[in-house]
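Spelled out from the first residue to the last, the chains are:
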Protein chains: 2
Amino acid sequence: MQAISKQSTDFLYQQVIELIQQMQRSGTLRAGDKLPSLRKLSSRLEVSVPTVKQAYLELERQGAIAARPQSGYYLKAEHAKPLQSTRAQWRKTVPTPVKCRSLIERVYEEVHKPGIVPLGIANPVMACSPDKTLARTMRRVLSKVAAKAVSYGPIHGDPDLRRQIAYRYQDHGIKADPEQLVITNGAQEALSIALQCVAKAGDVIAVESPTFFGLLELIEALNMKALEIRTCSETGLCLDDLSQAIEHHPIKACIFASSINNPMGSLMPEDKREKMVRLLEEKDIPLIEDDVYGELYFGEKQPRPATFYSRKNQVMTCSSFSKTAAPGYRLGWLMPGKWEEQAKRLKRSHSCSTGMLQQWTMSEFIKSGDYDRHLKVLRKTLAFNSERMRCHVAKHFPEDTCICTPQGGSVLWLKCPNNINTATLFETAIEQGISFTPGSIFSPSGKYHDYMRISFGVVWDDEIEAAVVKLGALVGQA
Amino acid sequence: MQAISKQSTDFLYQQVIELIQQMQRSGTLRAGDKLPSLRKLSSRLEVSVPTVKQAYLELERQGAIAARPQSGYYLKAEHAKPLQSTRAQWRKTVPTPVKCRSLIERVYEEVHKPGIVPLGIANPVMACSPDKTLARTMRRVLSKVAAKAVSYGPIHGDPDLRRQIAYRYQDHGIKADPEQLVITNGAQEALSIALQCVAKAGDVIAVESPTFFGLLELIEALNMKALEIRTCSETGLCLDDLSQAIEHHPIKACIFASSINNPMGSLMPEDKREKMVRLLEEKDIPLIEDDVYGELYFGEKQPRPATFYSRKNQVMTCSSFSKTAAPGYRLGWLMPGKWEEQAKRLKRSHSCSTGMLQQWTMSEFIKSGDYDRHLKVLRKTLAFNSERMRCHVAKHFPEDTCICTPQGGSVLWLKCPNNINTATLFETAIEQGISFTPGSIFSPSGKYHDYMRISFGVVWDDEIEAAVVKLGALVGQA
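Residues numbered from 1 in each chain as written. Chains lettered and ligands numbered in written order. Predicted model: local features only at pLDDT ≥ 70, side-chain atom pairs only at ≥ 80, totals over all residues. Heavy atoms only, no water.

## As for the sheet that holds strand β12 (residues 402–403) of chain A
All names here are of chain A. Where we set the bar: Here the rule is simple: two strands pair whenever DSSP picks up at least two bridges between them. Every helix listed is a DSSP run of H or I at least four residues long, and every strand listed is a run of E at least two residues long, numbered separately from the N terminus. Residues are treated as being in contact if the distance between any of their heavy atoms lies within 4.5 Å. Helix axes are fitted to C-alpha atoms over the stretch in contact, other axes to C-alpha atoms as well, and angles between N-to-C directions run from 0 to 180 degrees.
Pairing is antiparallel in the open sheet, where 4 strands are placed in the order β12-β13-β15-β14. Looking at which strands have only one partner, the edges of the open sheet turn out to be β12 and β14 (437–438). Helix-sheet contacts for helix α14 (residues 370–396) involve β12, β13 (411–415) and β15 (451–455), and the interaxial angle to β13 is about 25°.

## Side note on the pairing of strand β9 (residues 287–290) of chain A
Residues and elements named next belong to chain A. Defined as follows: Here the term buried applies to any residue with accessible area under 20% of the maximum for its type, exposed to any over 50%, and partly exposed to those in between, with areas from a 1.4 Å probe on protein chains only. The handedness rule is simple: strands pointing away from the viewer, and a clockwise path from the first strand over the helix to the second, make the crossover right-handed.
Residue alternation in β9 divides its side chains into two sets, Leu287 and Glu289 and Ile288 and Asp290, and both sets are buried. Two elements, strand β8 (residues 251–256) and β9, share 3 bridges in a ladder whose sense is parallel. Its bridge partner being in β9, Ile255 is matched across the sheet by Ile288. This β-α-β element, β8 to helix α11 (residues 270–282) to β9, shows right-handed connectivity. Inspection of the sheet shows β9 paired to strand β10 (residues 315–320) by 4 bridges, in the parallel sense. Of the residues in β10, the one forming a bridge with Glu289 is Thr317.

## Topic: the packing of aromatic side chains
To describe a pair of aromatic rings, one takes the distance between the centres and the angle between the planes. All names here are of chain A. Under the convention used in this document: To pair, rings of Phe, Tyr and Trp, with the six-membered ring standing in for Trp, must have centres within 6.5 Å; the planes then decide the type, stacked if under 30 degrees apart, edge-to-face if over 60, and tilted in the middle. As a reminder, the over-ring test applies to NZ of lysine and CZ of arginine, requiring each to be within 6 Å of the ring centre and within 35 degrees of the ring normal.
All told, the structure shown has 31 aromatic pairs over all chains when counted by the stated rule. Each ring, one from Tyr56 and one from Tyr73, has its centre 5.1 Å from the other, and the planes form 65°; the classification is edge-to-face. Note that Tyr56 is positioned in helix α3 (residues 49–61) and Tyr73 in strand β2 (residues 72–75), a separation of 17 residues in sequence. The interplanar angle of 80° and the centroid separation of 6.5 Å between the aromatic rings of Tyr169 and Trp333 together place this pair among those described as edge-to-face. Note that Tyr169 is positioned in helix α7 (residues 159–170) and Trp333 in strand β11 (residues 332–335), a separation of 164 residues in sequence. The aromatic ring of Phe308 is capped on one face by Arg304, whose charged end is 4.1 Å from the ring centroid. Lying over the aromatic face of Tyr74, Arg388 brings its terminal NZ or CZ to 5.6 Å of the ring centre.

## What about the pattern of salt bridges?
Cut-off, in case you're wondering: One speaks of a salt bridge when a side-chain nitrogen belonging to Lys or Arg is within 4 Å of a carboxyl oxygen belonging to Asp or Glu.
Within this structure, the stated rule accounts for 56 salt bridges over all chains. Between A:Glu105 and B:Arg348 there is a salt bridge, with its nearest N and O atoms 3.0 Å apart. Taken together, the positions of A:Glu105 in helix α5 (residues 101–111) and B:Arg348 in helix α12 (residues 340–351) put the pair across two chains. Its salt-bridge partner being B:Glu364, residue B:Lys367 comes within 3.6 Å of it at the nearest N-O pair. Taken as a pair, B:Lys367 and B:Glu364 lie in helix α13 (residues 356–367) at a separation of 3 residues, close to a single helical turn. Exposure remark for B:Lys367: the relative accessible area of 43% places this residue in the partly exposed category.

## Side note on the side chain of B:Thr401
Residue and element names in this part refer to chain B. Here is the rule: Polar contact is defined as a pair of N or O atoms within 3.5 Å, subject to the rule that within protein one atom must be able to donate a hydrogen and the other to accept it, and that residues adjacent in sequence are counted only when both atoms are side-chain atoms.
Mapped onto the elements of the fold, Thr401 is located in the loop between α14 (370–396) and β12 (402–403). Using a relative accessible area of 4% as the deciding quantity, one classes Thr401 as buried. A distance of 2.7 Å separates a polar side-chain atom of Thr401 from the backbone oxygen of Pro398.

## Some thoughts on the pairing of β8(A)
All names here are of chain A. Counting buried positions over the 6 residues of β8 gives 5, a clear majority of the element. As paired strands, strand β5 (residues 204–209) and β8 are joined by 4 bridges and run parallel to one another. Within β8, the residue paired with Val207 across the bridge is Ile255.

## Quick look at the packing of helix α12 (residues 340–351) of chain A against helix α8 (residues 186–198) of chain B
Where we set the bar: Roughly parallel covers angles under 35 degrees, roughly antiparallel covers those over 145, roughly perpendicular covers 65 to 115, and oblique covers all other angles. When residue character is reported, Ala, Val, Leu, Ile, Met, Phe, Trp, Tyr, Cys and Pro are called nonpolar, Asp, Glu, Lys and Arg charged, and the others, Gly included, polar.
Two elements in contact, α12(A) and α8(B), have axes whose closest approach is 5 Å; the angle formed by their N-to-C orientations is 90°. Considered as vectors, α12(A) and α8(B) are oriented roughly perpendicular to each other. Together, A:Arg348, A:Ser349, A:His350 and A:Ser351 of α12(A) and B:Gln188, B:Glu189, B:Ser192 and B:Gln196 of α8(B) make up the contact between the two elements. Here the residues of the contact of α12(A) with α8(B) are counted per class, giving no nonpolar, 6 polar and 2 charged.

## Digging into the domain arrangement of chain A
Residue and element names in this part refer to chain A. In plain terms, the rule: The split into domains, and so the bounds of each, comes from an automatic or database assignment of domains. Accessible area, probed at 1.4 Å, shrinks when two parts are joined; the buried area is that loss added up over both.
When the domains of chain A are assigned, the result is domain 1 (12–75), domain 2 (99–128 + 375–477) and domain 3 (131–371). The straight-line distance from the C-alpha centre of domain 2 to that of domain 3 is 25 Å. Regarding the contact of domain 2 and domain 3, the summed buried area is about 2800 Å², with carbon and sulfur atoms giving 61% of it. The largest share of the area that domain 2 buries against domain 3 comes from Leu375, Arg379 and Gln407, three residues that together contribute 24% of it. In this structure, the connection of domain 2 to domain 3 is made through 1 salt bridge. With its nearest N and O atoms 3.2 Å apart, the salt bridge here joins Glu228 to Lys447. Run the count over domain 2 and domain 3 and you get 13 residue pairs in polar contact (both at pLDDT 80 or more). Its residues assigned to classes, the side of domain 2 that touches domain 3 shows 20 nonpolar, 10 polar and 5 charged.

## Considering the sheet that holds strand β14 (residues 437–438) of chain B
Residue and element names in this part refer to chain B. As summarised here, the arrangement of the 4 strands in space is β12-β13-β15-β14, forming an open sheet in which the pairing is antiparallel. Each of the sheet's edge strands pairs with one partner strand only, and the pair in question is β12 and β14. Across 2 bridges, the pairing between β12 and strand β13 (residues 411–415) is antiparallel. By the bridge assignment for β13, Cys402 is matched with Lys415. On the sheet, α14 packs against β12, β13 and β15 (451–455) and is oriented at approximately 25° with respect to β13.

## So, the interface of chain A and chain B
Taken together, the contacts link 52 residues of chain A with 52 residues of chain B. In this assembly, chain A packs against chain B so that about 4300 Å² is buried in total across both faces, 57% of it on carbon and sulfur atoms. For the pair chain A and chain B, the interface holds 6 salt bridges. With 10 residues, helix α6 (residues 131–149) of chain A is the single largest residue contributor to the side of chain A that touches chain B. Of the residues in the side of chain A that touches chain B, the class split is 24 nonpolar, 18 polar and 10 charged.

## Considerations on the relation of the copies chain A and chain B
Heads up, the rule is: The copies were overlaid by least squares, fitting only the C-alpha atoms of residues that reach a pLDDT of 70 or more in each copy.
For the pair chain A and chain B, the superposition axis carries a translation of 0.1 Å, the fit reaches an RMSD of 0.2 Å, and the rotation angle comes to 180°. Viewed as a symmetry operation, the transformation between the two copies matches a two-fold axis. Residue A:Arg139, judged by its C-alpha, is the member of chain A lying nearest the rotation axis, at 3.5 Å. The fraction of interface residues of chain A whose copies in chain B are also interface residues reaches 100%, indicating that both copies meet through the same surface.

## Concerning the environment of A:Gly476
Residue placement: A:Gly476 occurs in helix α16 (residues 462–477). Taking the C-alpha atoms as reference points, A:Gly476 and A:Ile420, separated by 56 residues in sequence, lie 9.6 Å from one another.

## Remarks on the state of the cysteines
This is how the line gets drawn: Note that a disulfide, as used here, is simply two cysteine sulfur atoms within 2.5 Å.
Following the criterion strictly, the structure yields 0 disulfides over all chains and no others. No disulfide involves A:Cys391; its sulfur sits 17 Å from the nearest other cysteine sulfur, which is in A:Cys404. Accessibility expressed as a relative area gives 4% for A:Cys391, which makes it buried. No disulfide involves B:Cys416; its sulfur sits 9.5 Å from that of B:Cys402, the nearest cysteine.

## Looking at the environment of A:Glu189
Residue placement: A:Glu189 occurs in helix α8 (residues 186–198). Along the sequence, A:Glu189 and A:Lys347 sit 158 residues apart, while their C-alpha atoms lie 8.5 Å from each other. Discounting residues that sit within four places of it in the chain, A:Glu189 has contacts with A:Thr184, A:Lys347, A:Ser351, B:His350 and B:Ser351.

## Overview of the nonpolar core
Our working definition: The term nonpolar core refers to a set of buried residues drawn from Ala, Val, Leu, Ile, Met, Phe, Trp, Tyr and Cys, joined through side-chain atoms within 4.5 Å.
Core analysis: the biggest nonpolar cluster contains 190 residues, and A:Met362 and B:Met362 have the highest contact counts within it. With 8 residues, the single largest contributor to this core is α8(A). Those residues in contact with A:Met362 that lie beyond four places of it in its chain are A:Leu134, A:Leu161, A:Phe321, A:Ala325, A:Ala326, A:Tyr329 and A:Leu331. Ranked by size, the runner-up nonpolar core spans 28 residues in total, among them B:Leu216, B:Ala253, B:Ala343 and B:Leu346.

## Some words on unusual backbone geometry
Glycine aside, residues mostly have negative phi, and peptide bonds are mostly found in the trans state. Omega for the bond connecting A:Ser209 with A:Pro210 falls within 30 degrees of zero, at 5°, which places this linkage in the cis form. Positionally, A:Pro210 belongs in the loop between β5 and α9 (213–221). Between B:Asn262 and B:Pro263 the backbone carries a cis peptide bond, its omega angle lying at 25°. The residue A:Asn313 is not glycine, and still its phi comes out positive at about 60°. With phi around 65°, B:Asn418 is a residue other than glycine that occupies positive phi space.

As structure tokens, then:
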């Protein structure tokens, strides 16, 4: 390893940076490789630990390396070919009765099977689970409230949990009233209630394209129609297209995930988000925001839920603890905007109330600070896994594969070359013990047949790496 | 106390019976009074304990006295004026868009308030809660499966719990396949899914009259119409009326609680139940059975769910553990008959899956035998409370009050004299710190304004007795 010159006019830390960049150019260090520890490099280069630390921090700021909690620094991926939206094709979109169930069912059937590498499951918590802390918290709760746990709880949820959630929104400057919040059986029930508040069978619902297939199934279950709006992998929904769609179709409501879309991981900038809310409220079109990934941002700070920009109270926010802490708890919520009364009535009619023990446990988990501590580590782990997954896909998938750069969440959206059918490939991959999510279930009209979604919400290990290599080979052979 | 003659030709135990009957006639013993213990009476009358026991058993068989677990024997109520169905009035029923929400909301708002005597809550578990055993079971489960509890579970529920539930049906000779069962967020979600499997907005749904208001709210939420079918307080739904209704209306589905209707506690005899299923299947009308009170029968054995008589697989059974063990767990299920595929899809679309920890806990609770042991005690307690409540109402309500004889469950349905409006009375009662459920919310057309439902799913104490006395006085003054 080259020495550092203490006589140079460059700062020592700048020389360390230059050294690392040289190693990268020469191929000594490759994307995904771990950098030497601070102590090790300081001793090798005979500079102080703070000097190396300063170099690493600067490289991290530049986006060249990333820190992984309890592990150290890693070199990030050279950017793979970014995903481009193909505008012309998407313009002529029409409302579509949703029919994508059989492939979705096939996917559900296979991805959870033991022994299958779970690249097809979007469960960020798998990357870093708070299970032990939650179990400890629940035990404490259980000894305090055992008798109450077998009684009916309030229909719209435990007051204490509602307060905790409201406080978190208040940190974003959102006037959240705990009394208005409705605790639900996961975000899926929140979305179902929200949609039933504002639309009925036959109505047209605007969705992002691509969008989460669970939404499409819900729209199908309610006999509504989905209208796909072009969505770009970087800044989210295309407002021009939304505007056009409003002119041409009787859109009854929109369901968008402006903060981290699933599957693309796109993030709508704040000013665009404000414009979107203005546009919709001007036309009196309710916006249902699917915000389940909102807390899993990779940037500096959490994006503001769209409801922040609402003036007419026509934005409903749906979210949950399923992507951030405990999917098995089935705990979500709905901030129902002006549809509070309808939302509470629908909650009561469709499932009465939500399990109390999980609510108390989650409330304690937040109050203790454990939830925020966990989120911090989870976000870092996911950001790091994202980079690592992009790097491995770039290395092992065919050259013409296009890869998104997720701004948060736990999945990677990519377009395979040669117009291959990923639904067919899914079966081959399952035979080889690997799951992923085929692209076409993210569109009601069967777009994205050559796309796939791969999860990086995993504990990264050799098996995962081997699966990516194998999957890349399968895509190459398809 | 009169002596027993050992010279008499009557058996000794017959003399004991005669003695008790005399005491009853003379007013020495009154309905609701506790009989002396076996030992005490045997010593007083100088006969053996088995002789007294035999007398008590015979009186119990005759329905004159009732045993209360861990407490002894009590004298049952002289039969109050039984409730008569008024046929003519109910014949001209028409499908009604449901609109009963504001009174229902008012009731929900008040009955759960602390300090209110909870005669308005139908929560049988309050009479005898398995909370400690369940908490112990959950702690054990928690230490075994903590990590798994934060993962997604199977969409239609934990396989082990589904097996436990299926076994219970198999005991009734019902071919229940664990793979077909769908675990839900309480029976309310099961009912919602079942209804969505077979009907859509605008469809006519036949319901019992009176029926559980939660069903009416659900029908309203789905924009369907309810058609009331006359139901008698003893043997349930009137089949002639059902038959007529089928001729005159396009009934899309029926929701009936043949085993213990809420609020009447009526129980349809087996042969009538068979006829009902035949009639509906002949006309291809799906039957959704609300069986939440099925296990809380007071008779010899559990009534067979209607699905037992199904030949065309067109009966769906909805039930839960909310009325038998733990309402706060929000655990129910749906046996979807031939609509298995639709039911699973709807479950996935509307709430994804059900909380896992409660499912494992309940499964263990059943396997250990604790559930059946608990049910046995709960049934006895409720049967006893039922008798005691009937007796107290007979004593303290105005003379012309008509009272049902519930065949199970935890509520008493009664008709007040003088055409009073129980919705108005509700407000007065709440001011006095007592809740009950006003009759009109049990009908979509606002029938039963002079009826009320009183819960005996309570821990019986002086406060309860005083509340009944006060409520009786309020009815008298109204």
